[in-house]
Amino acid sequence: MDEGEKRIKQEDCSEDKLGAGILTLTNKRLAFDKTNARIMDFSKRFGDTVLDISLDKITKTWKEGLLMKKVCFTAKTEEGEQTFKFGVFNTKSWVKIIDQTISENKNQ
């Protein structure tokens, strides 16, 4: 993490295209790190950071799904606008805290 960056929320989850990993929200960005798990010794290790988006690039956040609930966001990337969908436990909480952190980031 950068200097002055604070972790706000983190959860083990899965993204539709990227697979299993850990979603992390800081006061500056949203990041998704792939994880490698081994069943033999129940270990889990952080892998590569496959998604690192600053909060000012996020254009929309929402939640969707009835049984398989997901927190979703659209962001401007080098490849154009992309949508990401993460299966987290409390989608309402994630959307609320992401929106709140983005608005606080704009006011600074």
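Described below are features of the structure shown in this document. Since this is a predicted model, take the numbers as computed values, not measurements.

Brief notes about the pairing of strand 1 (residues 7-15)
No. 1: Strand direction decides the pairing type here: strand 1 and strand 2 (residues 19-26), joined by eight bridges, are antiparallel. The residue bridging Ser-14 from the neighbouring strand is Ala-20, located in strand 2.
No. 2: With antiparallel pairing between neighbouring strands as the criterion, strand 1 and strand 2 make up a hairpin whose turn holds three residues.
No. 3: In the sheet, strand 1 pairs with strand 7 (residues 80-87) via two bridges, with the strands oriented antiparallel. Its bridge partner lying in strand 7, Glu-15 is registered against Phe-86.

Here's the deal with helix 1 (residues 91-106)
No. 1: Between its terminal C-alpha atoms helix 1 stretches 23 Å, which fits the 22 Å expected from 16 residues at 1.5 Å a residue.
No. 2: Where helix 1 is concerned, the buried positions are Thr-91, Trp-94, Val-95, Ile-98, Thr-101 and Ile-102. For helix 1, the angular spread of buried residues about the axis comes to 135°, placing them on one side. Facing away from the buried side of helix 1 by more than 90 degrees, the exposed set consists of Lys-92 and Lys-96.

Focus: a nonpolar patch on the surface
No. 1: Together, Leu-66, Leu-67 and Met-68 give the surface a local cluster of nonpolar side chains, amounting to about 470 Å² of exposed area.
No. 2: Its place among the elements puts Met-68 in the loop between strand 5 (58-64) and strand 6 (70-77).
No. 3: In this structure Met-68 comes out as exposed when scored by relative accessible area, which is 63%.

Rules used throughout
Residues numbered from 1 in each chain as written. Predicted model: local features only at pLDDT ≥ 70, side-chain atom pairs only at ≥ 80, totals over all residues. Heavy atoms only, no water. Pairing = 2+ DSSP bridges. Helix = DSSP H or I, 4+ residues; strand = E, 2+ residues; numbered from the N terminus. Expected span 1.5 Å × (residues − 1). Buried < 20%, exposed > 50% of the residue type's maximum accessible area, 1.4 Å probe, protein only. Arc of directions from axis to C-beta. Patch = residues over 30% accessible without salt bridge, like charges linked within 9 Å, V, L, I, M, F, W, Y side chains within 5 Å. Areas by Shrake-Rupley, 256 points an atom, 1.4 Å probe, with all protein chains shown as cover. Salt bridge = Lys/Arg side-chain N within 4 Å of Asp/Glu carboxyl O.

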